[in-house]
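So the chains spell out like this:
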Amino acid sequence: MSRRESKTALYEQFARAGKGLSSPKRLELLDLIAQGGYTVEALAAAAGLGLSTASMHLQALKDAGLVRSRRQGTFVHYRLAGDDVAALLALLRAVATTHLADADRAAAGYLGAPTTEHSDAVAREELLRRVRRGDVVVLDVRPTTEYIAGHIPGAVSVPLDELEQRLDELPDGVEIVAYCRGAYCVLAYDAVDRLTAAGRSARRLQEGMLEWRLAGLPVADGDA
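This structure is a prediction, so every number in the text was calculated from the model and none was measured.

Rules behind the numbers
Residues numbered from 1 in each chain as written. Predicted model: local features only at pLDDT ≥ 70, side-chain atom pairs only at ≥ 80, totals over all residues. Heavy atoms only, no water. Helix = DSSP H or I, 4+ residues; strand = E, 2+ residues; numbered from the N terminus. Expected span 1.5 Å × (residues − 1). Buried < 20%, exposed > 50% of the residue type's maximum accessible area, 1.4 Å probe, protein only. Arc of directions from axis to C-beta. Contact = heavy atoms within 4.5 Å. Pairing = 2+ DSSP bridges. Axes fitted to C-alpha atoms, helices over the stretch in contact; angles between N-to-C directions. Salt bridge = Lys/Arg side-chain N within 4 Å of Asp/Glu carboxyl O.

K.L.:
Teacher, can you tell me more about helix H4 (residues 51-63) here?
P.N.:
Residue pairs spaced three or four apart in an α-helix point in one direction, given the helix's 3.6 residues per turn. Between its first and last C-alpha, H4 extends 18 Å over 13 residues, near the 18 Å set by a 1.5 Å rise per residue. Residues of H4 that are buried: Ala54, His57, Leu58 and Leu61. Looking down the long axis of H4, one finds its buried residues gathered within 100° of arc, a one-sided arrangement. Residues Ser52 and Met56 are exposed on H4 and point more than 90 degrees away from its buried face. Packed against the buried residues of H4 are helix H2 (24-33), helix H3 (40-47), strand S2 (67-72) and strand S3 (75-80). Looking one or two residues beyond H4, the residue adopting positive phi is Gly65, at roughly 80°.

Written out as structure tokens, the structure is:
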């Protein structure tokens, strides 16, 4: 094989990995998988896909080397192939929203126009300081399965769809900082709206679990 042919073969493999990112639904599935191990059935439900369609996209991600699978009984579980895949996902989103005006507008449309509560987000460094002082409640509003797979140490798990029914579990007189999957997850935004409507002092974490992991910060797993 000539040097030219070898270079073409190499770039074909680079393109093979890139092809796995060429579908919006596959990017959404990667975002979900980045929270922890998921079954095909759970991924299909969370992404609003039929089982066969989800399986097809997951196989494409696997062929691209971006995810790995393991069988446990009758279920197939998927995980990211490595932390570098999560970093690639975060970088792709940052590049898109920085250099594509349409992507930036789409992000604003999805997350909504910033309100006073939303714009006053808590940075990771500030949250760490306040956790050490013990003057904040950290609230994880993702589904319980994602909390079990990995969460900010000391965070309380109250999925968003249970928040109104479980408000009494959260102490009064202390600010609540809610977080969810990442920078483009609306669960924490919605949680802050519901908490402030109930008279609680609440803000959201500036980003979310994906960025927390990528920053190399401590992660706990298991039930609360």
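K.L.:
Even after reading the chapter, I still don't get the environment of Val141, so can you show me in this structure?
P.N.:
Topologically, Val141 is positioned in the loop between strand S4 (136-140) and helix H9 (144-149). Residues Val141 and Ala90 lie 51 residues apart in sequence; the distance between their C-alpha atoms is 21 Å. If near-sequence neighbours (up to four positions away) are discounted, Val141 is found in contact with Val158, Pro159, Leu160, Tyr179, Cys180, Leu187, Ala188 and Ala191.

K.L.:
Just checking my understanding: could you explain the pairing of S4 for this structure?
P.N.:
For a regular strand, side chains alternate in direction, first toward one face of the sheet and then toward the other. Across the five residues of S4, five count as buried, placing the element largely inside the fold. Of the two faces of S4, both are covered, the one formed by Val136, Val138 and Asp140 as well as the one formed by Val137 and Leu139. Bridge count between S4 and strand S6 (residues 175-179): five bridges; the pairing is parallel. Among the inter-strand pairings, Val138 is bridged to a residue of S6, identified as Val177. Looking at chain direction, S4 and strand S5 (residues 156-157) are connected through two bridges and run parallel. Of the residues in S5, the one forming a bridge with Asp140 is Ser157.

K.L.:
Please clarify how the sheet that holds strand S7 (residues 202-204) should be interpreted in this entry.
P.N.:
Hydrogen bonds along the backbone pair up the strands of a sheet, which may run parallel or antiparallel. Strand order in this open sheet of four strands is S5-S4-S6-S7, and the pairing throughout is parallel. Every other strand in the sheet has two partners, leaving S5 and S7 as the edge strands with one partner each. Pairing of S6 with S7, which is carried by three bridges, proceeds in the parallel orientation. For Ile176, the partnering residue across the bridge sits in S7 and is Ala202. On the sheet, helix H8 (residues 124-133) packs against S4, S6 and S7 and is oriented at approximately 120° with respect to S4. On top of the sheet, helix H10 (residues 187-197) reaches S4, S6 and S7; it is set at about 170° to S7, its chief contact.

K.L.:
Where do I start with the pattern of salt bridges in this structure?
P.N.:
Where charged atoms of side chains with opposite charge meet at close range, the side chains can pair. Enumeration according to the criterion identifies 18 salt bridges in this entry. The salt bridge partner of Asp102 is Arg105, with a shortest N-O separation of 2.3 Å. Taken together, the residues Asp102 and Arg105, both in helix H6 (residues 101-111) and three residues apart, mark about one turn of the helix. Comparing Asp102 with Arg105 shows no difference in burial state: the two are exposed. Between Glu175 and Arg203 there is a salt bridge whose closest N-O contact spans 3.3 Å. Of this pair, Glu175 sits in strand S6 while Arg203 is found in strand S7, placing the two residues 28 residues apart along the sequence. Note on Glu175: relative accessible area 15%, which makes it buried. Beyond isolated ion pairs, a larger network of salt bridges with shared partners links Asp120, Glu126, Arg130, Arg133, Asp135, Glu175 and Arg203.

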